[in-house]
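# Close look at the chain arrangement
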Amino acid sequence: MATEGERREQPPLGKNYGNLPLEEDQSTKKTNRKWTDVSDLCADMAEETVLIRGAAQAIRAVGKRMVFLVVRQGMFTVQCVLSVSKTNLDSDRMGPISGEMVRFGAGLSKESLIDVEGVVSAPKDPIKGTTQQVEIQVKKLYCVTAAVPNLPINIEDATRSETEFEKAELAGEQLVRVGQDTRLNHRVLDLRTPANQAIFSLQDQVESTFRKFLKSKGFIGIHTPKIIGGSSEGGAAVFKLDYKGQPACLAQSPQLHKQMGIYGGFEKVFEIGPVFRAEDSFTHRHLCEFVGLDVEMRIKEHYFEVADLVDSLFVAMFERLNSKCKMELDTINKQYPFEPLKYLPKTLRLTYEEGVQMLKEAGKEIEKKGDLNTEAEKKLGLVREKYNTDFYMLLRYPLAVRPFYTMPCYDDPSYSNSFDVFIRGEEIISGAKGCMYLTC
């Protein structure tokens, strides 16, 4: 049987395609070649020679003389055209393409990592199925890392929305549905879907805006211990472990350590870090591990100082996502449809009693000065109908349902200087003024 080297054409054509030689992947030299991101490809670059690297998302051969490759880098895709050409128009840019090279391109497996060098062209008609409205006329093609021919997940299948499944069912067609277990077992492939790429990009924007906003307000970022000697929130939802013969647990919250920071002389602190909860429930509201965005500040006079900060912080984040992440939001919306978030320039604030009254008017009875359960919180989503906002605050919770360190209200000690923040009827933040007495 002929070896790969024996099957390959001899130079000059054979050097323009094939598996990337090992020595070129061993950092033997730095060539200073200019690489172009797929996201930067545009019609203004027509006639320019570019070099890109990405995954072979789709491969479509047209006879024996042409193959179309869709190359994906992150959320962005471009169509590359490889066709037999015997004319050597310009040895530096438009060298001839052999039938062997086209067959090599057609034989690539999906999701293989490839390098493509070619000339940008701008077709007159719109290109369907790619984000970039240009093509690359391929002159060199190398496989950097080959994927196995039969992957456990087809990216196209993992990208479909429920609407597509419903349409297919009505048409009598059957589409492959990628379940959650399959996605998690092969997460490295699932992460390649455009929606997941966009979700991680949004998370990055949220964290970046959170950090930048608080730094502009004089906050300092801290890191608190995650393995501690006792429960930080109380209750049973704590991961316990043995640390060299000593009982320990994973931190349920950085709350007490944030307060230590305030007493230690830091006026304003924040942390972005993991939080661990040994929840028994299996709903999207109960996570055993999540990344928390935590804030603590010294209140000068009124706990509304914190509420004001949260108000402006979230409006800043919403504005940032809407102005800078339209493509990401549209990409997620395509697979997981959602309605645009409604919010007010000045966040709506209701008292606990006003919220309870709204629930009563809607036919939902709440125990007197009792906590709001999940059903009640979801029912409060009716705030949108009355005030045209999905984002709001609920103030002055009953003291009995808040943590032990919460400050009671001056006018009625059965209520507290506390608030919760909601988006579409789901609590996302709890805040309060604490009773701080230095005893050390």
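Residues numbered from 1 in each chain as written. Predicted model: local features only at pLDDT ≥ 70, side-chain atom pairs only at ≥ 80, totals over all residues. Heavy atoms only, no water.

## Notes on the sheet that holds strand β16 (residues 426-432)
As a reminder of what qualifies: Should DSSP find at least two bridges between two strands, the strands are regarded as paired. We count a stretch as a helix when DSSP gives it H or I for four or more residues in a row; a strand needs E for two or more, and each element gets its number in order from the N terminus. Fitted lines through C-alpha atoms give the axes, limited to the stretch in contact for helices. The angle between two N-to-C directions lies from 0 to 180 degrees. Whether two residues touch is decided by their heavy atoms; if any such pair falls within 4.5 Å, the residues are in contact.
Pairing is mixed across the open sheet formed by four strands, whose spatial order is β13-β14-β15-β16. Sheet topology places β13 (348-351) and β16 at the edges, where each strand pairs with a single neighbour. With strand direction ignored, the average angle separating the axes of adjacent strands in the sheet is 25°. In the sheet, β13 pairs with strand β14 (residues 391-395) via four bridges, with the strands oriented parallel. Bridged to T351 within β14 is L395. Sitting on the sheet, helix α9 (residues 304-324) touches β13, β14, β15 (418-423) and β16, and the angle it makes with β14 is about 170°.

## Observations regarding the layout of surface pockets
The following threshold applies: Whether a set of points on the 1 Å grid over the protein atoms alone is a cavity depends on a 1.4 Å probe fitting there but being unable to get out, while an open set qualifies as a pocket with protein on both sides within 12 Å along at least five of seven lines; lining residues are those with an atom within 4 Å of a point. Grid points are joined across faces, edges and corners, and a volume is the space filled by probe spheres set on the points. In the scheme used here, Gly and all other residues not listed as nonpolar or charged are polar, with Ala, Val, Leu, Ile, Met, Phe, Trp, Tyr, Cys and Pro taken as nonpolar and Asp, Glu, Lys and Arg as charged.
Each pocket or cavity is described by its volume, and for the second largest pocket that value is around 870 Å³. The wall of the second largest pocket is formed by 29 residues, among which Q57, G129, E156, T159 and P194 lie closest to the centre. At the level of secondary structure, the elements contributing two or more residues to the lining of the second largest pocket comprise β2 (49-62), β3 (66-73), α3 (155-158), α7 (194-216) and α10 (326-335). Take the lining of the second largest pocket: its biggest share by element is five residues, from α10. Partitioned by chemical class, the residues of the lining of the second largest pocket number ten nonpolar, ten polar and nine charged.

## So, the pattern of salt bridges
Rule in force here: Salt bridges are identified by distance alone: a Lys or Arg side-chain nitrogen within 4 Å of an Asp or Glu carboxyl oxygen. Any residue under 20% of the maximum accessible area for its type is buried, any over 50% is exposed, and the rest in between are partly exposed; the area is computed with a 1.4 Å probe on protein chains only.
Tallying each qualifying case throughout the model produces 24 salt bridges. Across the pair R177 and E162 runs a salt bridge whose closest N-O atoms are separated by 2.6 Å. Of this pair, R177 sits in the loop between α4 (162-170) and α5 (180-185) while E162 sits in helix α4, placing them 15 residues apart in sequence. When its relative accessible area of 43% is taken as the criterion, E162 is described as partly exposed. With a closest N to O distance of 3.9 Å, D311 and R349 form a salt bridge. Residue D311 is found in helix α9, and its partner R349 is found in strand β13; the two are separated by 38 residues along the sequence. Residues participating in the shared-partner salt-bridge network are D308, D311, K346 and R349.

## Concerning α9
The test is simple: Multiply 1.5 Å by the residue count of a helix minus one, and that product is the helix's expected span.
Taking 1.5 Å of rise per residue, 21 residues should cover 30 Å, and α9 covers 30 Å from first to last C-alpha, within 8% of that figure. Three or more residues of α9 are buried, namely V306, A307, L309, V310, D311, L313, F314, V315, M317, F318 and L321.

## Some remarks on α7
Relative to the 33 Å expected for 23 residues at 1.5 Å per residue, α7 spans 33 Å between its end C-alpha atoms, a close match to the ideal helical length. All buried positions along α7 are accounted for by A195, N196, A198, L202, Q205, T209, F210, F213 and L214. Looking at the buried side of α7, the elements it contacts are α6 (187-190), β11 (268-276), β12 (289-297), α9 and α10. Within two residues after α7, G218 carries a phi angle of roughly 90°, on the positive side.

## Description of the pairing of β11
The element β11 is extensively covered by neighbouring structure, given that seven of its nine residues are classed as buried. With two bridges connecting them, strand β7 (residues 220-221) and β11 associate as parallel partners. Paired with I220 across the bridge in β11 is V269. Alignment of β11 against β12, held across nine bridges, turns out to be antiparallel. Across the sheet, F276 pairs through a bridge with E289, a residue of β12.

## Section: the sheet that holds strand β8 (residues 227-228)
Pairing in this open sheet of three strands is antiparallel, and the strands run β8-β10-β9 from one edge to the other. Two strands lie at the open edges of the sheet, namely β8 and β9 (240-243), each paired on one side alone. Pairing of β9 with strand β10 (residues 246-250) involves four bridges; the strand directions are antiparallel. Each residue of the ladder has a partner; that of Y243, found in β10, is Q246.

## Topic: the packing of aromatic side chains
For clarity, the threshold we go by: Side-chain rings of Phe, Tyr and Trp (the six-membered ring for Trp) are treated as a pair once their centres are within 6.5 Å; stacked means planes under 30 degrees apart, edge-to-face means over 60, and tilted covers the remaining angles. By definition, being over a ring means that NZ of Lys or CZ of Arg is both within 6 Å of the ring centre and within 35 degrees of the ring normal.
Evaluation of the coordinates by the stated rule reveals nine aromatic pairs. Ring centres of Y17 and F104 lie 5.7 Å apart, and the angle between their planes is 45°; on these two criteria the pair is classed as tilted. Remark: F104 occurs in helix α2 (residues 99-106) and Y17 occurs in strand β1 (residues 17-19); sequence separation between them is 87 residues. Here F104 falls in the buried class, since its relative accessible area comes to 16%. Taken together through their ring pairs, the aromatic side chains of F314, F318, Y343 and F391 make up a single cluster. The positively charged end of R177 is found above the aromatic ring belonging to F165, 4.1 Å away from the centroid. Above the plane of the ring of F304 lies R349, whose end atom (NZ or CZ) is 5.3 Å from the centre.

## Considerations on the confidence of the model for the protein chain
To be explicit about the condition: pLDDT is a residue-level measure of predictor confidence that goes from 0 to 100.
On average, the protein chain scores 89 in pLDDT, and the residues at 70 or more come to 93%. A low-confidence stretch, residues 1-7 (pLDDT under 50), is modelled with three contacts involving residues beyond four sequence positions or located in other chains. Across residues 88-92, where pLDDT falls below 50, the model places five contacts with residues more than four positions away in sequence or in other chains.

## Some points on the environment of D157
When you line up the elements, D157 lands in helix α3. Classification of D157 by relative accessible area gives buried; the value is 12%. As for D157 and D242, which are separated by 85 residues in sequence, their C-alpha atoms are 43 Å apart. Leaving out residues up to four positions away in the same chain, D157 has contacts with V176 and V178.

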